[in-house]
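# Fold and contact review
Next come the chains, spelled out residue by residue.
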Amino acid sequence: MTTMKDNDATAVAGRRFTVHHDGVTIPVTRGGRGRPLVLCPGLNSTQSDLHELVTLLRREHDVVTFDLRGHGLASTADRYSFDAFLSDLIAVMAEVDLPAAPVLVGYSLGADLAVHYAAGFPDAVAGLVLIDGANPLPEPFITDIDLPEFRAMAEGRHGHQMRLTAPDTLRLNLEIDVVRSTLLDQYRGIAHPISMIMSTAIAGDSSGGRAPRHNRLWRAGIERLLRERPRTSVSWLDADHRLVFTHAPEIAALIGERTAA
């Protein structure tokens, strides 16, 4: 017989299942109680990486999270592209049985996927919280001058939880630039509340090299969004792009505030 204590333990630990689509196996975890929330990781991040944030969110939310293809415990795939990752999110959203439309939270690439999903399936979400992604940049983030640095970063991030190769990662970063160049069109199709949680120094706080340009461009993209959608809520954290790992309590608190209504 299942007891209340057993149920509480299951809610904290999370219930696991898999979604199969497009020849890919996607591991999904659900735990916690409260308002439904789906958390989509970004490129080179996994639900395991986001454990601290997920644990905090489960205190007030029924949290669903998963691994994108080629990440964490998900299987490899024949294709890695923005549309392929979007299909993973669509498949997970179609399979989870939630009592109400969830708040969709996305980190980095996951934020861009969340915006595209909400524009395409407006009745399936209640709102968006976008963490250091989905930024409609006025110009490409990665220029020819930046390519050696981003190539080195891609090679450095290739680990045991990543089945994408370094060239896959670099190609995807370049594709994300293209996606963000037309992102305002997606935002125009979304009527739900949107909250942004952004880093003040996505590229770090160095005063030399390419960091100052990237940091200025990151803020310029949000300013561009606010001109288009002035009611968008934006919170800036004094952090770089690792904010979900370094500032999980602050992010969880902000998400709680944004989803309390």
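Refer to the structure printed above.
Computed from a predicted structure; not experimentally measured. (Residues numbered from 1 in each chain as written. Predicted model: local features only at pLDDT ≥ 70, side-chain atom pairs only at ≥ 80, totals over all residues. Heavy atoms only, no water.)

### Here's the deal with the overall build of the chain
Within the chain one finds ten helices and eight strands. Relative to the compact-globule value of 18 Å for 261 residues, the chain shows a C-alpha radius of gyration of 18 Å, a close match. Its C-alpha atoms give the chain principal-axis dimensions of roughly 65 × 40 × 30 Å. When burial is assessed residue by residue, the chain has 56% of its 261 residues classed as buried. (Helix = DSSP H or I, 4+ residues; strand = E, 2+ residues; numbered from the N terminus. Rg over C-alpha atoms; globule rule 2.2 N^0.38 Å. Buried < 20%, exposed > 50% of the residue type's maximum accessible area, 1.4 Å probe, protein only.)

### Describing helix 4 (residues 109–120)
Taking 1.5 Å of rise per residue, twelve residues should cover 16 Å, and helix 4 covers 17 Å from first to last C-alpha, within 8% of that figure. What helix 4 keeps buried is the set L109, G110, A111, D112, L113, A114, V115, H116, Y117 and A118. Packed against the buried residues of helix 4 are strand 3 (35–40), helix 3 (82–95), strand 5 (103–107), strand 6 (127–131), helix 6 (166–181) and helix 7 (183–187). (Expected span 1.5 Å × (residues − 1). Contact = heavy atoms within 4.5 Å.)

### Thoughts on the side chain of H21
Its place among the elements puts H21 in strand 1 (residues 15–21). Its relative accessible area of 17% is what places H21 among the buried residues. Ignoring anything within four residues of it in the chain, the contact list for H21 reads I26, R69, S87, D88 and A91.

### Regarding unusual backbone geometry
Backbone geometry at N44 places phi at a positive 65°, although glycine is not the residue there. Relative to the helices and strands, N44 is located in the loop between strand 3 and helix 2 (51–57). For D132, which is not glycine, the phi torsion reads 50° and is therefore positive. Tracing the sequence through the fold places D132 in the loop between strand 6 and helix 5 (147–156).

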